[in-house]
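# Per-entry structural report
Residue-level listing of the chains:
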Amino acid sequence: MNGKWLLRIEDIDPPREQAGADELIKDALIAHGLLWDEDVIYQHNSHERYEQALTWLRANGHCYFCQCTRKQRLANPKGQSCACAQLALNPQGCATVLRNTDAVHEIDDLALGRVSFDEQCKDDFILRRKDGLYAYQLAVVIDDIDSGVTEVVRGADILPATAYQLALYNLFKQPAPVYVHLPLVMGDNGQKLSKQNHAPALNNEHATDNLCAALETLGLRVPSYLNNALVPDILDFAVHNWSVALIADNGHAFDNRIDA
Ligand SMILES: [Zn+2]
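Okay, so let's go over this structure. Computed from a predicted model, the values in this text were never measured in an experiment.

Cut-offs applied
Residues numbered from 1 in each chain as written. Predicted model: local features only at pLDDT ≥ 70, side-chain atom pairs only at ≥ 80, totals over all residues. Heavy atoms only, no water. Salt bridge = Lys/Arg side-chain N within 4 Å of Asp/Glu carboxyl O. Buried < 20%, exposed > 50% of the residue type's maximum accessible area, 1.4 Å probe, protein only. Helix = DSSP H or I, 4+ residues; strand = E, 2+ residues; numbered from the N terminus. Axes fitted to C-alpha atoms, helices over the stretch in contact; angles between N-to-C directions. Parallel < 35°, antiparallel > 145°, perpendicular 65-115°, else oblique. Left-handed = near helix turned anticlockwise from the far one by under 90°. Contact = heavy atoms within 4.5 Å. Nonpolar A, V, L, I, M, F, W, Y, C, P; charged D, E, K, R; others polar. Donors = N, O, S within 2.8 Å, 3.2 Å for Na, K, Ca; no water. Tetrahedral: all angles 85-135°; square planar, octahedral: opposite > 155°, others 65-115°.

## Comments concerning the pattern of salt bridges
Summed over all chains, the structure comprises 17 salt bridges. For R129, the salt bridge goes to D131, with nearest N and O atoms at 2.6 Å. Assessed through its relative accessible area of 31%, R129 is described here as partly exposed. We note a salt bridge from K192 to D157, for which the minimum N-O separation is 2.8 Å. Taken together, the residues span a long stretch of sequence, with K192 in the loop between β9 (178-182) and α6 (207-217) and D157 in the loop between β8 (151-155) and α5 (159-171) at a distance of 35 residues. Judged by its relative accessible area of 30%, K192 falls in the partly exposed class. Taking the relative accessible area as the measure of exposure, D157 reaches 36% and is therefore partly exposed. Here the salt bridges do not stand alone but share partners, grouping R8, E10, D143 and D144 into one network.

Given below as structure tokens:
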């Protein structure tokens with residue numbers, strides 16, 4: 001797209017963070033020739049911006065304080081606010097929840113086409129948790145707006161959250177980015193390759209093999225003349241030959257496995 005590619009470390013949940021994980025991410029990107037533009041953005045530096053956005057949403061009547069437990073929230077009928085929405089609760093010990101009165105029901109995704117969200121998209125959702133941590137939905141929208149993000153490419157596991165994020169874009173009267181949600185690469189056990197599922201980390205020593213496997217999974221066959229190519233050559237080939245249509249064509253048959 002001839003734009004900039006930004007690197008943001010989403011460190012808004014300190015209790016779940018592993019020390020040094022950001023350095024491992026950066027090392028893996030560098031080894032694979034994926035060099036970002038501009039300084040790395042850390043979400044822990046943006047708390048003031050998140051609070052500012054919350055203050056604006058509250059002042060405009062878009063939020064309420066909720067004392068429900070997670071279990072109570074899950075038991076709440078779909079698309080309906082909990083009883084807290086009618087109470088003027090004290091913010092202390094409460095989550096800040098968005099009244100999702102203007103829910104977004106569908107998007108046009110460049111890889112998946114028109115996607116309709118299920119009833120869950122009408123649910124109110126948490127912007128700031130009881131423990132004071134900011135929710136991903138709020139942080140990601142504020143940071144994308146502040147960075148002027150125009151294209152978002154991410155895993156389809158985030159797709160349901162897109163409805164909530166678009167609801168926030170609408171409230172902030174900001175243009176939403178174009179989305180490309182990629183089908184997930186699954187392991188033999190049918191689970192996505194992730195830390196939580198104990199998938200092995202990428203081996204940075206095998207960067208060229210990893211890139212070729214990733215490209216084939218993304219629908220681009222790497223020609224044999226690139227068998228012994230270097231990382232920059234493979235990326236150059238990919239930039240000139242890959243298009244999102246390759247995903248749209250075979251995106252739903254995504255059961256390839258990438259060997260780490
Ligand atoms: Zn509640």
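## Examining the packing of α6 against helix α7 (residues 231-241)
Their axes nearest at 9 Å, the elements α6 and α7 cross at an angle of 15 degrees. Regarding the angle of α6 to α7, the classification is roughly parallel. The interaxial crossing formed by α6 with α7 has left-handed handedness. Residues A207, T208, L211, C212 and L215 of α6 form the contact with α7, whose participating residues are V231, I234, L235 and A238. When grouped by side-chain class, the residues that make up the contact of α6 with α7 number 8 nonpolar, 1 polar and no charged.

## A look at the environment of G155
For G155, the position within the fold is in strand β8. In this structure, the C-alpha to C-alpha distance between G155 and H181, residues 26 residues apart in sequence, is 5.2 Å. G155 has contacts with H181, L182 and L184, leaving out every residue within four places of it along the chain.

## Here's the deal with the coordination of the zinc ion
C66 (SG), C68 (SG), C82 (SG) and C84 (SG) make up the full set of protein donors to the zinc ion, lying at 2.2 to 2.4 Å. Classification of the site at the zinc ion as tetrahedral follows from its 4 donor atoms and the range of 105 to 114 degrees in their angles at the metal. The sequence motif formed by the donor residues of the zinc ion is C-x1-C-x13-C-x1-C. With C66 in strand β3 (residues 63-66) and C82 in the loop between α3 (70-75) and β4 (95-98), this residue pair connects regions lying 16 residues apart in the sequence.

## A short note on unusual backbone geometry
Phi is positive for K173, close to 55 degrees, though the residue is something other than glycine. Along the chain, K173 falls in the loop between α5 and β9. Take K173: its relative accessible area is 72%, and that puts it in the exposed class. Positive phi is not limited to glycine here, since H198 has a value of about 60 degrees. For H198, the position within the fold is in the loop between β9 and α6. You can call H198 exposed: its relative accessible area is 72%.

The quantities given are spatial measurements derived from coordinates; they are silent on function.
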